[in-house]
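Structural features, examined
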Amino acid sequence: MTVHNYLIKWIVAYRTINCFVVQTWFVPDEYWQTLEPAHKLAFGYGYLTWEWANGLRTYFYPCIFAFLYSLVAFAGLDNTIFFIYSPKLLTFLLSCFADWRLFKFVQLLYGDRVASSTLLLYWCNWFQFYCVPRTLLNSAELALVIIGLSYLPISDKHRFQLVSSDNYYHLAVSSIVFTLVTLIRPTSALIWVPLWINFLYRFDFVYYCWHSEYIFYIAHTNIKRSEKVYIKLDYPLCLRTLCDSAQLYCS
């Protein structure tokens, strides 16, 4: 059995214990930010606090739980047990995936040993153990920030690169997660905007735009995805060659 299989089992075991151990009430926002608005969306009744009445919060995150409640009701399982534990199931899945992506992110930068130590130290933080299983916006934001960071196309500890189709896929995933985090909590843009400014500054295309020659790396691969085409062009031919490269990439 590989190390990754063992790690997945440890993550699932840890978060399962986490969800069942944390059975207490912490802050009102556990309910007023998510579950109560979700119940109103799903069943037409529920109490909304003044933030919702004045349009200060977005319904994106409660809509996820409202959809979950609707599925539970459609299946005829709309009882107290399922209303309590179905949101916990959602937070369990999200936190498990965030733990996995945290390991993969640190592994990419520093290797297996540091990644394992980082995950262990993260798990030893009692406050994350206490808050992550809860339906707080902050808990979802934490998990999504970890996931979004882990998908940034980082080639090493100091440089971002977009020279392969896999990295374009990772950039797309990171962009989607960034959008989700901002929809859940608009102030999350304070985390992501400086990061993306730094990303654009480090991106090879922006660097070469300041020079007389442009170098475009076209990640055109064959069926086996083993060959890449590198095209160098001068400024006057930039637009035409870019169009030709797009046709080459799509062919």
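Rules of the game
- Residues numbered from 1 in each chain as written.
- Predicted model: local features only at pLDDT ≥ 70, side-chain atom pairs only at ≥ 80, totals over all residues.
- Heavy atoms only, no water.
- Helix = DSSP H or I, 4+ residues; strand = E, 2+ residues; numbered from the N terminus.
- Expected span 1.5 Å × (residues − 1).
- Buried < 20%, exposed > 50% of the residue type's maximum accessible area, 1.4 Å probe, protein only.
- Contact = heavy atoms within 4.5 Å.
- Patch = residues over 30% accessible without salt bridge, like charges linked within 9 Å, V, L, I, M, F, W, Y side chains within 5 Å.
- Areas by Shrake-Rupley, 256 points an atom, 1.4 Å probe, with all protein chains shown as cover.
- Salt bridge = Lys/Arg side-chain N within 4 Å of Asp/Glu carboxyl O.
- 1 Å grid on protein atoms, 1.4 Å probe; cavity = no way out; pocket = protein on both sides within 12 Å on 5 of 7 lines; lining within 4 Å.
- Points joined across faces, edges and corners; volume = space filled by probe spheres on them.
- Nonpolar A, V, L, I, M, F, W, Y, C, P; charged D, E, K, R; others polar.
- Core = buried A, V, L, I, M, F, W, Y, C linked by side-chain atoms within 4.5 Å.
- Domains from an automatic or database assignment.
- pLDDT = per-residue confidence, 0-100.
- Axes fitted to C-alpha atoms, helices over the stretch in contact; angles between N-to-C directions.
- Left-handed = near helix turned anticlockwise from the far one by under 90°.

Structural notes on helix α5 (residues 80–110)
For α5, built from 31 residues, the straight-helix expectation of 45 Å at 1.5 Å per residue is met to within 8% by its first-to-last C-alpha distance of 46 Å. The first or second residue beyond α5 is G111, which carries a positive phi of 100°.

Some words on the environment of Y61
By the element assignment, Y61 lies in helix α4 (residues 60–74). Exposure remark for Y61: the relative accessible area of 6% places this residue in the buried category. Residues Y61 and A38, spaced 23 residues apart in sequence, show a C-alpha to C-alpha distance of 8.6 Å. Here Y61 is in contact with T34, T135, L136, L137, A140 and I184, once residues within four sequence places are set aside.

Quick notes on a nonpolar patch on the surface
A grouping of F20, L77, I81, F82, I84 and Y85 is seen on the molecular surface, where their side chains present a nonpolar patch of about 550 Å² in accessible area. Among the elements that take part in the nonpolar patch, α5 stands out by supplying four residues, more than any other. On the secondary structure map, L77 appears in the loop between α4 and α5.

Focus on the layout of surface pockets
Volume-wise, the second largest pocket comes out at about 270 Å³. As for the second largest pocket, its lining consists of 14 residues, of which E30, Y31, L35, I84 and K88 are closest to the centre. Among the elements of the structure, α2 (29–43) and α5 are those that each provide at least two residues to the lining of the second largest pocket. Residue contributions to the lining of the second largest pocket peak at four residues, all from α5. Classifying every residue of the lining of the second largest pocket by side-chain character gives eight nonpolar, three polar and three charged.

Remarks on the nonpolar core
With 25 residues, the main nonpolar core has Y61, L144, I147, V177 and V181 as its most contacted residues. Secondary structure elements with two or more residues in this core: α2, α4, α5, α8 (137–150), α9 (165–184) and α10 (189–202). If one sorts the elements of this core by residue count, α8 sits on top with six residues. Per-domain counts for this core show at least three residues from each of domain 1 (1–151) and domain 2 (162–250). Apart from the residues within four sequence positions on either side, V181 is in contact with E141, L144, V145, S188 and W192. Counting residues in each nonpolar core, the second largest holds 16 residues, with C19, F103, Y122 and I146 among its members.

Side note on empty space enclosed by the protein
Taken as a whole and assessed by the stated rule, the structure comprises two cavities of 30 Å³ or more. Size it by volume and the largest cavity reaches roughly 50 Å³. If you list the elements that add at least two residues to the lining of the largest cavity, you get α5 and α8. Across the lining of the largest cavity, the residue classes break down as five nonpolar, three polar and one charged. Put simply, the second largest cavity is a space of about 40 Å³. Along its surface, the second largest cavity is lined by R15, S95, A98, D99, Y122, V132, S139, L142 and A143. Counting only elements with at least two residues in the lining of the second largest cavity, the list comes to α5 and α8. Here the lining of the second largest cavity is built from residues that sort into five nonpolar, two polar and two charged.

Section: the confidence of the model for the chain
Detailed reading of the predicted coordinates is not advisable wherever pLDDT is low. Scored by pLDDT, the chain comes out at a mean of 75, with 73% of its residues at no less than 70. In this model, residues 205–251 is a region of pLDDT below 50 whose contacts with residues beyond four sequence positions or in other chains number 51 contacts.

Description of the packing of α5 against helix α6 (residues 112–123)
Between α5 and α6, whose axes approach to 7 Å, the crossing angle comes to 145°. Where α5 crosses over α6, the two elements pack in a sense that is right-handed. From α5, D99, L102, F103, V106, Q107 and Y110 reach across to α6, where they touch D112, V114, A115, S116, T118, L119, Y122 and W123.

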